[in-house]
Amino acid sequence: MLRTSRLLATRMFPAHGYSRATVACRRLQFAQYSHAARTTEGRPRLQDTNHDNLSRWLQRSGLLQRSPTLRNAGPALLYQNALRYEPGTAISSTGALIATSGKKTGRSPRDKRVVEEASTVDDVWWGPVNKKLSPESFSANYERAVNYLNTRDRLYVFDGYAGWDPKYRIKVRVVCARAYHALFMNNMLIRPTQEELENFGEPDFTIFNAGQCAADPHVEGVGSGTSVAISFERKQMVILGTEYAGEMKKGVFTVMHYLMPRAGVLSLHSSCNEGPDGDVSLFFGLSGTGKTTLSADPSRLLIGDDEHVWTENGVFNIEGGCYAKTIDLSAEKEPEIFNAIRFGSVLENVIYNPRTHVADYSDRSITENTRCAYPIEFIPNAKVLCVGGKPQNIVLLTCDAFGVLPPVAKLTPAQAMYHFISGYTAKIA
């Protein structure tokens, strides 16, 4: 857990709200997405008006551009490249891209590191969860990642936002070598409008995903072939030795977990929806406790399924998409999620029938942690923009195999605070 700080990080956040024109533009953008027309398909987005700025940024980052660099490529182009260049990729019978993440089919929390820097040394709760890495070791990882990316035949850049409230959102850039990873982050970050993309400027944080390249276990503080490291001073995240796309999603959440309390607001691992009268509900819980399932209630508007921030005005979603578990998924039990698995979605480590390409959501032969990443607007009752008022209902989801809590309990404020702080959820089962 990262400690909060009384210091404010206002420099990174524009202090203005959405205009009516921006809201209208975003709604039009989302309406167009289902027809695959929201981005220019079939050509590298590096050719837009930001070409020179991006080229200079890539050069400063050590990326030589020997290979084509596709910026914010559309889903159809990413499908084409994934199918052509990434073995094991297929299209499901419903149109989703099926991809495999290699040996790692889940996150690697024991290999995650935070760089010990002057700005973080007193603000991070160091220990078995937040493990230290020296700036020198991070530089070694960074150099290894960039050197690997420079050997690839093609690179992908995706520029997007984390946070639906313009006052607190940050600009995130992802650099990767797999179309699967680019499409995944296209779905999970907030997708910019064309105007926002042209005026994106310098990112606030960058992910360098060289997951196909193993980390050097001899680098001090690394210790294995996998490394996921974050430097808040350099505003960078480097991934080595794991192709599991969820590392990028969780990395963005870690960054927001650090920055939001410094800005005086509370980041939350929760799902969120809104009733017809504007009543907002939060569902807290670790992976597997039902956040995504419960928030996708057809009678309520979905604000988000996993990551939110509670501000003085209400709540906002950090992400632009959902990352749902698909094990034993069915149209009868979870129709909204089932029907969201279509063109533009990414099915991760899901087995399918080789003749019909029908996904078998009951098959656990690769992993039980099968997933689907899809844009939030693929849920019919999603609320776009993904913001809501102050929460009126707070639900703590547990997976309690020992009967410490009854199946349903109404807690006092003191009890709710205790169980929230103690984090009594999925690890118990």
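Notes on the structure in this doc start here. Since the model is a prediction, treat every value here as computed from it, not as a measurement. (Residues numbered from 1 in each chain as written. Predicted model: local features only at pLDDT ≥ 70, side-chain atom pairs only at ≥ 80, totals over all residues. Heavy atoms only, no water.)

## What to know about a nonpolar patch on the surface
Then, number 1: Among the surface-exposed residues, Leu266, Phe420 and Ile421 lie close enough to one another that they form a single nonpolar patch of about 290 Å² accessible area.
Then, number 2: When you line up the elements, leucine 266 lands in strand β11 (residues 266-274).
Then, number 3: We classify leucine 266 as partly exposed; its relative accessible area is 39%. (Patch = residues over 30% accessible without salt bridge, like charges linked within 9 Å, V, L, I, M, F, W, Y side chains within 5 Å. Areas by Shrake-Rupley, 256 points an atom, 1.4 Å probe, with all protein chains shown as cover. Salt bridge = Lys/Arg side-chain N within 4 Å of Asp/Glu carboxyl O. Helix = DSSP H or I, 4+ residues; strand = E, 2+ residues; numbered from the N terminus. Buried < 20%, exposed > 50% of the residue type's maximum accessible area, 1.4 Å probe, protein only.)

## Comments concerning the layout of surface pockets
Then, number 1: Each pocket or cavity is described by its volume, and for the second largest pocket that value is around 640 Å³.
Then, number 2: In terms of lining residues, the second largest pocket is bounded by 23 residues, among which Ile394, Val395, Leu396, Ala409 and Leu411 are the most central.
Then, number 3: Every element with two or more residues in the lining of the second largest pocket is listed here: β11, β20 (391-396) and α10 (413-422). (1 Å grid on protein atoms, 1.4 Å probe; cavity = no way out; pocket = protein on both sides within 12 Å on 5 of 7 lines; lining within 4 Å. Points joined across faces, edges and corners; volume = space filled by probe spheres on them.)

## Quick word on the environment of asparagine 209
Then, number 1: Inspection of the secondary structure assignment puts asparagine 209 in strand β8 (residues 205-210).
Then, number 2: Spatially, the C-alpha atom of asparagine 209 lies 8.5 Å from that of histidine 181, the residues being 28 residues apart in sequence.
Then, number 3: Not counting residues up to four positions away in its chain, the partners in contact with asparagine 209 are Leu149, Val175, Cys176, Ala177, His181, Ile239, Thr242 and Met248.
Then, number 4: A distance of 3.5 Å separates the side chain of asparagine 209 from the side chain of histidine 181, its partner in a polar contact. (Contact = heavy atoms within 4.5 Å. Polar contact = N/O pair within 3.5 Å; in protein donor to acceptor, adjacent residues only side chain to side chain.)

## Some details on helix α5 (residues 179-188)
Then, number 1: Across the 10 residues that make up α5, a large majority, 10, are buried.
Then, number 2: Listing the buried residues of α5 in full gives Ala179, Tyr180, His181, Ala182, Leu183, Phe184, Met185, Asn186, Asn187 and Met188.

## Overview of empty space enclosed by the protein
Then, number 1: Here the structure, examined in full by the defined rule, presents 2 cavities of 30 Å³ or more.
Then, number 2: Lining the largest cavity, in full, are Tyr161, Ala162, Met185, Met188, Leu189, Lys249, Val252, Glu307, Ile318 and Glu319.
Then, number 3: Taken together, the elements giving at least two residues each to the lining of the largest cavity come down to β6 (155-162), α5 and α7 (246-262).
Then, number 4: Of the residues that constitute the lining of the largest cavity, the class distribution is 7 nonpolar, no polar and 3 charged.
Then, number 5: Reported here for the second largest cavity is a volume of approximately 40 Å³.
Then, number 6: Going through the elements one at a time, β1 (69-71) and β6 are the ones with two or more residues in the lining of the second largest cavity.
Then, number 7: Among the elements that make up the lining of the second largest cavity, the one with the highest residue count is β6 (3 residues).
Then, number 8: Here the residues of the lining of the second largest cavity sort into 7 nonpolar, 1 polar and 1 charged. (Nonpolar A, V, L, I, M, F, W, Y, C, P; charged D, E, K, R; others polar.)

## So, the sheet that holds strand β3 (residues 97-99)
Then, number 1: Spatially, the 5 strands line up as an open sheet ordered β2-β3-β17-β18-β16, and their pairing is mixed. Where the open sheet ends on each side, the last strands, each with one partner, are β2 (90-91) and β16 (321-325).
Then, number 2: Judged from the 3 bridges that link them, β3 and strand β17 (residues 346-348) form a sheet pairing that is parallel. Looking at the pairing, isoleucine 98 lines up with leucine 347 of β17. (Pairing = 2+ DSSP bridges.)

## Side note on the side chain of serine 61
Then, number 1: Relative to the helices and strands, serine 61 resides in the loop between α2 (51-60) and β1.
Then, number 2: Here serine 61 falls in the buried class, since its relative accessible area comes to 10%.
Then, number 3: Serine 61 has contacts with Tyr142, Val146 and Phe208, leaving out every residue within four places of it along the chain.

## Quick word on the nonpolar core
Then, number 1: In terms of nonpolar packing, the biggest core is built from 86 residues, with Val174, Met185, Ile207, Leu347 and Tyr374 touching the most fellow members.
Then, number 2: Setting aside residues no more than four positions away along its own chain, isoleucine 207 makes contact with Val172, Arg173, Val174, Val175, Met185, Met237, Ile239, Met248 and Val252.
Then, number 3: Counting 25 residues, the second largest nonpolar core, distinct from the first, contains Leu54, Leu63, Tyr142 and Val238. (Core = buried A, V, L, I, M, F, W, Y, C linked by side-chain atoms within 4.5 Å.)

## Let's talk about the sheet that holds strand β10 (residues 236-240)
Strands in a sheet are paired, the pairing made by backbone hydrogen bonds, and the direction either parallel or antiparallel.
Then, number 1: Spatial strand order, β1-β6-β7-β8-β10-β9-β4-β5: 8 strands in an open sheet with mixed pairing. Strands with a single pairing partner mark the edges of an open sheet, and in this sheet they are β1 and β5 (131-133). Across the sheet, the axes of successive neighbouring strands diverge by a mean angle of 25°, strand direction being ignored.
Then, number 2: The pairing of strand β4 (residues 112-115) with β5 spans 3 bridges and is classified as parallel. The partner of valine 114 across the bridge, within β5, is lysine 132.
Then, number 3: Packing of α5 onto the sheet brings it into contact with β6, β7 (170-176) and β8, and relative to β6 it is tilted by some 15°.
Then, number 4: Together, β4, β6, β7, β8, β9 (227-231) and β10 form the strand contacts of α7, whose direction differs from that of β7 by roughly 150°. (Axes fitted to C-alpha atoms, helices over the stretch in contact; angles between N-to-C directions.)

## So, the packing of helix α3 (residues 75-85) against α5
Then, number 1: Relative orientation of the contacting elements α3 and α5 amounts to 155°, with a least axis distance of 8 Å. Regarding the angle of α3 to α5, the classification is roughly antiparallel. Note on packing geometry: the crossing formed by α3 with α5 is left-handed. Seen from α3, the contacting residues are Pro75, Leu78, Tyr79, Asn81 and Ala82; seen from α5, they are Ala179, Ala182 and Leu183.
Then, number 2: For the contact of α3 with α5, the per-class residue count stands at 7 nonpolar, 1 polar and no charged. (Parallel < 35°, antiparallel > 145°, perpendicular 65-115°, else oblique. Left-handed = near helix turned anticlockwise from the far one by under 90°.)

## What to know about the pattern of salt bridges
Then, number 1: With the rule as written, the count across this model stands at 18 salt bridges.
Then, number 2: The partner of arginine 300 in a salt bridge is aspartate 279, and the shortest N-O contact between them spans 3.1 Å. Taken together, the positions of arginine 300 in the loop between α8 (291-295) and β13 (301-304) and aspartate 279 in the loop between β11 and β12 (280-284) put the pair 21 residues apart, joining distant regions of the chain.
Then, number 3: The partner of aspartate 328 in a salt bridge is arginine 364, with the nearest N and O atoms 2.6 Å apart. In this pair, aspartate 328 is assigned in the loop between β16 and α9 (335-339) and arginine 364 in the loop between β17 and β18 (371-375), connecting sequence segments 36 residues apart.
Then, number 4: Exposure remark for aspartate 328: the relative accessible area of 37% places this residue in the partly exposed category.
Then, number 5: On the basis of relative accessible area, arginine 364 is assigned to the partly exposed category, the value being 39%.
Then, number 6: Each of Lys249, Lys291, Asp306, Glu307 and Glu319 takes part in salt bridges that share partners, so that together they form one network.

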